[in-house]
Amino acid sequence: MSTLIFYEIERLRREQSYSMPLNHFHDHYEIYYLLSGKRYYFIQDRSYLMQEGDLVFIDKNKLHKTIDANSLPHERILLSFNDNWVPAKDPDYQETALAPFRQKHIIFSLSGANRTLVENLLFSLMREQQQAQKGWELNSKALLTQLLVFCARLIDQQGPTEEHPQAHNPKIFEIVSHINEHFQERLSLATISKKFHISPSYFCRSFKETTGFSFVEYLNNIRIREAQRLLRETKLKVIHIAEQSGFDSVAHFGRVFKQVTSQTPLECRKMMHLGL
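Residues numbered from 1 in each chain as written. Predicted model: local features only at pLDDT ≥ 70, side-chain atom pairs only at ≥ 80, totals over all residues. Heavy atoms only, no water.

**Student:** Tell me what's going on with the side chain of R225, and back it up with residues and numbers.
**Tutor:** On the secondary structure map, R225 appears in helix α8 (residues 215-233). There is no salt bridge for the buried R225, and the closest opposite charge comes from E226, which lies 6.7 Å off by N-O distance. Not counting the four nearest positions on each side in its chain, R225 is found in contact with F25, Q44, N61, K62 and L63. (Helix = DSSP H or I, 4+ residues; strand = E, 2+ residues; numbered from the N terminus. Buried < 20%, exposed > 50% of the residue type's maximum accessible area, 1.4 Å probe, protein only. Lys, Arg positive; Asp, Glu negative; His and termini not counted. Salt bridge = Lys/Arg side-chain N within 4 Å of Asp/Glu carboxyl O. Contact = heavy atoms within 4.5 Å.)

**Student:** How would you explain the sheet that holds strand β8 (residues 107-109) if you had to name every residue and give the values?
**Tutor:** Overall, antiparallel pairing links the five strands, which are arranged β1-β7-β2-β5-β8 in an open sheet. Edge positions in the sheet fall to β1 (7-14) and β8, since each has one partner strand and no second. Ignoring which end each strand starts from, the neighbouring axes of this sheet average 15° apart. Here strand β2 (residues 29-36) pairs with strand β5 (residues 54-58) via four bridges, running antiparallel. For Y33, the partnering residue across the bridge sits in β5 and is L55. Strands in contact with helix α3 (residues 112-131) are β1, β2, β5 and β7 (74-81); relative to β1, the strand with the most contacts, it is inclined by about 110°. (Pairing = 2+ DSSP bridges. Axes fitted to C-alpha atoms, helices over the stretch in contact; angles between N-to-C directions.)

**Student:** Would you mind going over the packing of aromatic side chains in detail, with residue names and values included?
**Tutor:** Under the definition given, this model contains 15 aromatic pairs. Note on F213 and Y218: the rings are 6.0 Å apart at their centroids and 70° apart in plane angle, and the pair reads as edge-to-face. The class for Y218 is buried, based on a relative accessible area of 0%. Following the ring pairs from residue to residue traces out a cluster consisting of Y29, F57, F81, F101 and F108. The lysine or arginine in question, K195, covers the ring of F196, its NZ or CZ lying 6.0 Å from the ring centre. The ring of F247 carries the charged tip of R223 above its face, separated from the ring centre by 5.8 Å. (Phe/Tyr/Trp six-rings, centres within 6.5 Å; stacked < 30°, edge-to-face > 60°. Lys NZ or Arg CZ within 6 Å of the ring centre and 35° of its normal.)

**Student:** Give a detailed account of the environment of L231, specifying residues and quantitative values.
**Tutor:** Relative to the elements of secondary structure, L231 occurs in helix α8. On the basis of relative accessibility, which here comes to 0%, the residue L231 falls in the buried class. For L231 and R269, which are 38 residues apart along the polypeptide, the C-alpha to C-alpha distance reads 5.6 Å.

**Student:** Give me the lowdown on unusual backbone geometry, citing residues and values where you can.
**Tutor:** Positive phi outside glycine occurs at N61, with the angle close to 65°. Along the chain, N61 turns up in the loop between β5 and β6 (64-68). Residue S262 is not a glycine yet carries a positive backbone phi of 65°. Looking at the element boundaries, S262 is found in the loop between α10 (250-261) and α11 (265-274). Taking relative accessible area as the criterion, S262 reaches 56% and is therefore assigned exposed.

Structure, rendered in structure tokens:
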């Protein structure tokens, strides 16, 4: 998990093979636009083939990762912002402007005038950040709002874009859904392989190819995300949070939590209460 202070936008072109680092979910919103090439994008419990002109919205605390699609090079724009950047108390903004993040795995496949408009808005946002002239933050918020409202209207006009499913064993997605629903229970490579009638070696290989995560990495991320929710929303002791998140011991919980978040559970709770 990473922490974003307010807002940033970045354009990046990669000539070589690249998959995102491990342990990727965060408490800010993310917009990913593919300018060229192809990428596989794993989001929560599904994997999608993204092509140039595709725009994807990642809500807060959604586990996600981009993976090579054997198409080099690729170029993307990544825009990130948190609740401090938007009028969180404005119900109309929450309902309308943030609507693209509330859809289930929404991907916009843009073409023609729609693609031109979105790219112009993204390029304008990059210029504002790079030049940092007087009022750049105010103008950036206006441009971001225009982008969000435009996509919210596309949802009403067109509905969700038909997704490009990744050609992998559908059993892996069934297993991912099972992990998401039963992460609080004792889950192991052996129990999963037995339940889904799949060999451990094939399972490990297919799971990594499909999600970009190893089985243990994925399970730990799901459990730590739940632990963060409990730290934020309850006054439970750390030992009880460890149990409810699926960990066998508080010591193991502490090690994994620090590995994923770079914080101890108590440090995380303190920062949440301070609103950082």
